[in-house]
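# Structural overview
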Amino acid sequence: MAGASSKDIARHSTKAQPRVLLANPRGFCAGVERAIDTVEQALARFGAPVFVRRAIVHNRVVVEHLERKGAVFVAEIDDIPEGAIAILSAHGSARSVKIAAQGRQLRFVDAICPLVAKVHAEVESWYRSGRHILLIGHPGHPEIVGTIGQVPAGAISVITTAADLDGIDLAPNSSVAYAVQTTFAARDAQGVISAIKHRFSDCAGPRSSDICYATTNRQAAVETIAPQCDIVLVAGDTASSNARRLVDVARAAGCPEVYLVSSASELPSKRLSQADTIGLTAAASAPESVIAAICAALATQNRVLLEMTGAKETMRFKPVSLEALERPAQPGSLEERIGMVRKDIDAVLDAAIGTSSTRNRRLAEAMRYACIGAGKRFRAMLVIAAADLVGGSKAQALRIGAAIECVHAQSLIHDDLPCMDNDDLRRGRPTVHRKFDEATAVLAGDALLALAFEILADPLTHPEATTRAELVLALSRAVGQDGLAGGQMMDLYPPARPTPQELFACESRKTGALIRYAVQAGAMLGQCSTEERERLLRFAENLGLVFQIRDDILDDTGDPAAVGKALRKDASSGRKSATLLMGLPGARDEADRLEHACQEALAPFGPKAIALRDLARFAIERAH
Ligand code: GRG
């Protein structure tokens, strides 16, 4: 705390009502929100305990809140039981930490702030280009320890002030680069960077500042209010570097008395009661609950709370994927089989899109983005399982599966367009029109649809022209007026009060048609009796409906991070879904009934139908 005097406070005592100036922005940043969300999502999906190496963010209130939910905070990887679920903190971790986590067979994800990850990438690239790195930061801080740990020992020297350069034993013509701790004081960093540039003529630096937007904005905001304040309160933890920097900045800007408080119970009540103007800011790791409690305490002193204007923050980071926390697939399990099929399907699609230099690169890129590397590959799995049941060729089934995935990708691209569902996120990443643009999205969809038919009509898919023609004919029907396009129209323009039958007629086309086609096409590759073919079609009809009802249930109850797209849209958009029409319990009962019908249709096939049976179970149990 800086030396304050009651005289200073008296300077403002003529004002009518004592004030609190609320610095803006303050509190949580996008990286902190993402890290906390990672722990909470992991707890919600996998249950306690979820181990976290080090404080996920430097705030005791946050840590205790997560502990109550079942998070266990540990100092080192060795403190975590083998095979457990673990999360690495937002400050970033040295490579050796990840190697240790792999050694203990942990299922772990890294909640590193993407802006710290950017510094890691810069440091690594400068190391590779032969530069010595001067890292401006506070020695021993976890972010600095993590950044140093990206490159071999000795490749980085940490400095905090310009004077520290005196201890660096490098000739002035050495090739160097500098990086900065993301929570360093912006003004202090400038001085050190100038000194580095003055000393070394060959000095590289980051293209944009390493100091993060949240640090910069919070420091600027407190700097603006501090000169008008008798006291500045910084909500935050003593372990938090960005909190301590806010204290430094407030003091440097002329506030005589600055307090770092981790909760309302630490407020210096007596000093506050003597102050006219109090400033309040909060570190990027300080939760809103603490800020609100401090405001409430200040409001009881008959103070007027004034919200100051400041930079608007719109930064949001993609959630950390929790896929790595899933239990490793057991050999021969559905998950393992899906994993293998995914690689094969991606390879067929990649080759089919091709790399011809005479074609439009952007179009090919958008096509690849839409159909490779994501998606459950449920429909492709169905073709392979159905073909296997009737003794068909796996290679042929794979090509048909790839063709179906092209149509599926096209339907998702178009479904996401602003003229339809207007979605920004699909499969956990920006939709095609968001990543590229609308025209590219429409054309990528068109080209994928054409590619689907090209794959089917290619003799590589089937040597018999009649089978190829049947495959093409059946797919045309599955996508046209009686299939996806017709079903989508029914979905977009439903009757005012649809009956469940009308809803199922829509879903049977929109979603069911492609699922039916997958089973039908797989069955075309081998031998089966008419009765068996009918059973397979009955299975597929019920499966298509289960799949869509599960989709409706997920829209109502699912986890958007797991599903990878915006949820709860059905109710707000007025879309008629199974849960809306039948209620959640009714939709669940209907899905159970349909799954039972699926299993019944397969019963006479016995163990041969295990793969199809697994897929029906998956359709009803899936969380994404
Ligand atoms: C194909 C000519 C043609 C037109 C398309 C836009 C449209 C017309 C139809 C919409 C079809 C649609 C998006 C139906 C929803 C089907 C559904 C449940 C999709 C989600 O499938 P998943 O969960 O997705 O298998 P992943 O990402 O795992 O592949």
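Whatever comes next refers back to the structure up there.
Quick summary incoming for the structure in this document. The structure presented is a predicted model; accordingly, all values stated were derived computationally and were not measured.

A few words on the site of the ligand. Within the structure, the ligand sits among 20 residues, and Lys376, Arg379, His408, Gln410 and Arg427 are positioned closest to it. Here an oxygen atom of the ligand sits 2.4 Å away from a polar atom, N or O, in the side chain of lysine 376. Between the ligand and the protein, one listed contact pairs an oxygen atom with a side-chain N or O atom of arginine 427 at 2.7 Å. Summarising the interface, the protein chains cover 91% of the accessible area of the ligand, which totals 750 Å² for the free molecule. Sorting the residues of the shell around the ligand by element identifies α15 (394-416), α19 (484-492) and α22 (530-557) as the ones contributing at least two each.

Let us now look at the packing of aromatic side chains. Per the counting criterion, the structure on display carries three aromatic pairs. When the centroid spacing of 5.6 Å and the interplanar angle of 75° are considered together, the rings of tyrosine 369 and phenylalanine 436 count as edge-to-face. Here the residue tyrosine 369 occupies a position in helix α13 (residues 361-371), and phenylalanine 436 occupies one in the loop between α16 (432-435) and α17 (438-457), the gap between them amounting to 67 residues. Measuring from ring centre to ring centre gives 4.7 Å for phenylalanine 378 and phenylalanine 547, while their planes differ by 25°; the resulting arrangement is stacked. With phenylalanine 378 in helix α14 (residues 378-389) and phenylalanine 547 in helix α22, the pair connects residues that are 169 residues apart, well separated along the chain. A single burial state applies to phenylalanine 378 and to phenylalanine 547, both of which are buried. Clustering of aromatic rings is evident, with ring pairs tying together Phe378, Phe547 and Phe618. Its end group placed over the ring of tyrosine 369, arginine 429 keeps NZ or CZ at 4.4 Å from the ring centre. Cation over ring: arginine 622 sits above phenylalanine 547, and NZ or CZ is 3.8 Å from the ring centre.

Estimated volume of the second largest pocket: approximately 340 Å³. Lining of the second largest pocket is provided by 22 residues; of these, Pro25, Arg26, Phe28, Arg218 and Glu313 occupy positions nearest its centre. Counting residues per element, the ones that place at least two in the lining of the second largest pocket are α2 (30-46), α8 (213-225) and α11 (288-299). In the lining of the second largest pocket, the residues fall into eleven nonpolar, four polar and seven charged.

Okay, the pairing of strand β4 (residues 85-88) next. Neither face of β4 is left uncovered, since the one carrying Ile85 and Ile87 and the one carrying Ala86 and Leu88 both have all their residues buried. Alignment of β4 against strand β5 (residues 107-110), held across four bridges, turns out to be parallel. In the sheet register, leucine 88 faces β5, and the bridge partner there is aspartate 110. In terms of handedness, the path from β4 via helix α4 (residues 95-103) over to β5 forms a crossover that is right-handed.

This part covers the environment of valine 432. Summarising the element assignment, valine 432 is placed in helix α16. Residues valine 432 and valine 442 lie ten residues apart in sequence; the distance between their C-alpha atoms is 9.0 Å.

Strands belonging to one sheet form pairs held by backbone hydrogen bonds; the direction of such a pair is parallel or antiparallel. Overall, parallel pairing links the four strands, which are arranged β7-β6-β8-β9 in an open sheet. Two strands bound the open sheet, and with one partner strand each, they are β7 (156-159) and β9 (202-204). Taking each pair of neighbouring strands and ignoring which way they run, the sheet shows an average axis angle of 25°. Taken together, the three bridges between strand β8 (residues 175-180) and β9 define a ladder with parallel strand orientation. Bridge pairing links alanine 177 to alanine 204 in β9. Contacting β6 (132-136), β7, β8 and β9, helix α5 (residues 114-128) crosses the sheet at an angle of about 170° to β8. Together, β6, β7, β8 and β9 form the strand contacts of helix α7 (residues 186-199), whose direction differs from that of β8 by roughly 180°.

Along the chain, isoleucine 225 falls in helix α8. Residue isoleucine 225 is classed as buried on the basis of its relative accessible area, which comes to 1%. For isoleucine 225 and aspartate 424, which are 199 residues apart along the polypeptide, the C-alpha to C-alpha distance reads 38 Å. If sequence neighbours within four positions are ignored, isoleucine 225 has contacts with Leu21, Ala23, Gly279, Leu280 and Met308.

About the cut-offs
- Residues numbered from 1 in each chain as written.
- Predicted model: local features only at pLDDT ≥ 70, side-chain atom pairs only at ≥ 80, totals over all residues.
- Heavy atoms only, no water.
- Near = heavy atom within 4 Å.
- Polar contact = N/O pair within 3.5 Å; in protein donor to acceptor, adjacent residues only side chain to side chain.
- Areas by Shrake-Rupley, 256 points an atom, 1.4 Å probe, with all protein chains shown as cover.
- Helix = DSSP H or I, 4+ residues; strand = E, 2+ residues; numbered from the N terminus.
- Phe/Tyr/Trp six-rings, centres within 6.5 Å; stacked < 30°, edge-to-face > 60°.
- Buried < 20%, exposed > 50% of the residue type's maximum accessible area, 1.4 Å probe, protein only.
- Lys NZ or Arg CZ within 6 Å of the ring centre and 35° of its normal.
- 1 Å grid on protein atoms, 1.4 Å probe; cavity = no way out; pocket = protein on both sides within 12 Å on 5 of 7 lines; lining within 4 Å.
- Points joined across faces, edges and corners; volume = space filled by probe spheres on them.
- Nonpolar A, V, L, I, M, F, W, Y, C, P; charged D, E, K, R; others polar.
- Pairing = 2+ DSSP bridges.
- Right-handed = clockwise from strand over helix to strand, strands pointing away.
- Axes fitted to C-alpha atoms, helices over the stretch in contact; angles between N-to-C directions.
- Contact = heavy atoms within 4.5 Å.

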